[in-house]
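Below are the chains, spelled out letter by letter.
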Amino acid sequence: MPPPPDMDAHARGAESSAAVPETPDLPQPGRWRLGVALWLLGMPGVVAVVWALLPPLAASQALLPLPLWAVLFLSGLQTAVMLALAVAAGVLLAPRVGLGAPVLAAWLSGVPGTRVHVSRWLVPGAWGGLAGAAWLFMLSAIAPESLRPAEAGGDVVTVLVKLLYGGVTEELLVRWGVMTLVLWGAWRLVQRGRGTPGRGLVAMAIVASALLFALGHLPAAQAMAGSLTMPVVLFVLVGNTAFGLLAGWLFARRGLEAAITAHVLAHALSTPWM
């Protein structure tokens, strides 16, 4: 007779797999369709950033080493390539560690039950967006003077950059790409690629990606403030790390769509006051 199943191991596996959503096991063409869809989803944010670069670059056009159009094209190309690499990393590695974009993957693969997935990501994503907006509103009251905008709300291009690049493209770069890669690497190192990643590894990946997310905002803060003083650095790191933890948790528990929803909604609700 075969040995009885290891019930404890089964329970541990069930507990670990319950911590993260599971992307349908798509055939390879389906996975690449998912990758193309995610890349296209992030490209409007890339265009918005290039559009935002146009006025300052045009003002200093005489100092540019290349024609203005070439600088804009290369800037957009660089970000588009980074986005493609992040999307590819997520498409290849996310299913192995239990992460995913369940709604989009199910829609592309024709898997039934998409409505169930929607209920799983929309409500937590909305609550995350409300929490993120409240956090951003509180930060706006204590922001260093050098980081406060001249007027609340900003112009159309600034708003589009926040919503499209901040809300969508950043989630694809940081959560879908970086967090997935960090979790996969830790899973391969600690668990030798066996089973599903434990809660500790998932938490570590969330924290690591949140810190990298915060560090990625320092160049923009320096451009806005003129210099990276200690108050500016602390404000940027604490503010963005906190939101990165929220977005990472949503990605791990409810999927990429929940993290994007929270990020977009947080910017949309807080923009009139920032």
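As the structure is a computational prediction, the values presented were derived from the model and not from experiment.

**Structural notes on the overall build of the protein**
Looking only at helices and strands, the protein features ten helices and zero strands. When the helices and strands of the protein are read in sequence order from the N terminus, they spell out α-α-α-α-α-α-α-α-α-α. Across the 274 residues of the protein, 42% fall into the buried class. The long-range fraction of contacts in the protein, counting pairs at least 24 apart against all pairs at least 6 apart in sequence, stands at 79%. If you sum the accessible surface of the protein, you get close to 14,300 Å²; carbon and sulfur atoms cover 72% of it.

**Overview of a nonpolar patch on the surface**
Taken together, the side chains of Leu66, Trp69, Phe73, Leu74, Leu77, Val81 and Leu85 define a hydrophobic patch exposed on the protein surface, amounting to about 740 Å² of accessible area. By the element assignment, Leu66 lies in the loop between helix H2 (28–59) and helix H3 (68–93).

**Quick look at unusual backbone geometry**
Its identity as a non-glycine residue notwithstanding, Arg192 has a phi of 55°, on the positive side. In this fold, Arg192 is placed in the loop between helix H6 (156–190) and helix H7 (199–215). A relative accessible area of 59% places Arg192 in the exposed class.

**Considering the environment of Trp135**
Within the secondary structure, Trp135 sits in helix H5 (residues 114–142). Linking Trp135 and Gly239, residues 104 residues apart in sequence, is a C-alpha distance of 8.1 Å. If near-sequence neighbours (up to four positions away) are discounted, Trp135 is found in contact with Val238, Gly239, Ala242 and Phe243.

**Here we look at the packing of H6 against helix H10 (residues 256–270)**
Following both chains from N to C, one finds H6 and H10 inclined at 150°, their axes separated by 9 Å at the closest point. Between H6 and H10, the angle is such that the two are roughly antiparallel. Crossing of H6 over H10 shows right-handed handedness. Seen from H6, the contacting residues are Lys162, Leu163, Gly166, Gly167, Val168, Glu170, Glu171, Leu172, Arg175 and Trp176; seen from H10, they are Leu256, Ala259, Ile260, His263, Val264, His267 and Ala268. For the contact of H6 with H10, the residue count by class is nine nonpolar, four polar and four charged.

**Examining the side chain of Arg175**
Its place among the elements puts Arg175 in helix H6. Here Arg175 falls in the buried class, since its relative accessible area comes to 0%. In terms of polar contacts, Arg175 uses its side chain to reach the side chain of Glu171, at 2.7 Å.

**Looking at helix H9 (residues 230–254)**
Across its 25 residues, H9 extends 35 Å between first and last C-alpha, which sits within 8% of the 36 Å expected from 1.5 Å per residue. Immediately downstream of H9, the backbone of Gly255 shows phi near 105°, a positive value.

**A short note on the confidence of the model for the protein**
Detailed conclusions should not be drawn from predicted coordinates in areas where pLDDT is low. Summarising the model, the protein shows a mean pLDDT of 87, and 84% of its residues fall at 70 or more. Low confidence marks residues 1–20, where pLDDT is under 50. Its contacts with residues over four positions away, or in another chain, come to 16 contacts.

**Description of the pattern of salt bridges**
Applying the stated criterion to the full structure yields one salt bridge. We note a salt bridge from Arg175 to Glu171, for which the minimum N-O separation is 2.7 Å. Taken as a pair, Arg175 and Glu171 lie in helix H6 at a separation of four residues, close to a single helical turn. Overall, Glu171 belongs to the buried group, its relative accessible area being 0%.

**Some remarks on the nonpolar core**
Side chains of nonpolar character tend, in soluble globular proteins, to be buried together. Judged by nonpolar contacts, the single largest core of 53 residues is most densely connected at Leu38, Trp176 and Leu256. If you look at the next biggest cluster of nonpolar residues, it comprises six residues, including Val50, Leu57, Val71 and Leu72.

**What about H7?**
Relative to the 24 Å expected for 17 residues at 1.5 Å per residue, H7 spans 24 Å between its end C-alpha atoms, a close match to the ideal helical length. Where H7 is concerned, the buried positions are Leu201, Val202, Ala205, Ile206, Ser209, Ala210, Phe213 and Ala214.

**Here's the deal with the packing of aromatic side chains**
The final tally for this structure, using the stated rule, is one aromatic pair. Taking 6.2 Å as the distance between ring centres and 55° as the angle between the ring planes, the aromatic pair formed by Trp176 and Phe251 counts as tilted. Of this pair, Trp176 sits in helix H6 while Phe251 is found in helix H9, placing the two residues 75 residues apart along the sequence. Residue Trp176 is classed as buried on the basis of its relative accessible area of 1%. Using a relative accessible area of 0% as the deciding quantity, one classes Phe251 as buried. Here Arg175 stacks its cationic end above the ring of Phe213, 4.7 Å away from the centre of that ring.

Conventions we followed
- Residues numbered from 1 in each chain as written.
- Predicted model: local features only at pLDDT ≥ 70, side-chain atom pairs only at ≥ 80, totals over all residues.
- Heavy atoms only, no water.
- Helix = DSSP H or I, 4+ residues; strand = E, 2+ residues; numbered from the N terminus.
- Buried < 20%, exposed > 50% of the residue type's maximum accessible area, 1.4 Å probe, protein only.
- Contact = heavy atoms within 4.5 Å.
- Areas by Shrake-Rupley, 256 points an atom, 1.4 Å probe, with all protein chains shown as cover.
- Patch = residues over 30% accessible without salt bridge, like charges linked within 9 Å, V, L, I, M, F, W, Y side chains within 5 Å.
- Salt bridge = Lys/Arg side-chain N within 4 Å of Asp/Glu carboxyl O.
- Axes fitted to C-alpha atoms, helices over the stretch in contact; angles between N-to-C directions.
- Parallel < 35°, antiparallel > 145°, perpendicular 65-115°, else oblique.
- Left-handed = near helix turned anticlockwise from the far one by under 90°.
- Nonpolar A, V, L, I, M, F, W, Y, C, P; charged D, E, K, R; others polar.
- Polar contact = N/O pair within 3.5 Å; in protein donor to acceptor, adjacent residues only side chain to side chain.
- Expected span 1.5 Å × (residues − 1).
- pLDDT = per-residue confidence, 0-100.
- Core = buried A, V, L, I, M, F, W, Y, C linked by side-chain atoms within 4.5 Å.
- Phe/Tyr/Trp six-rings, centres within 6.5 Å; stacked < 30°, edge-to-face > 60°.
- Lys NZ or Arg CZ within 6 Å of the ring centre and 35° of its normal.

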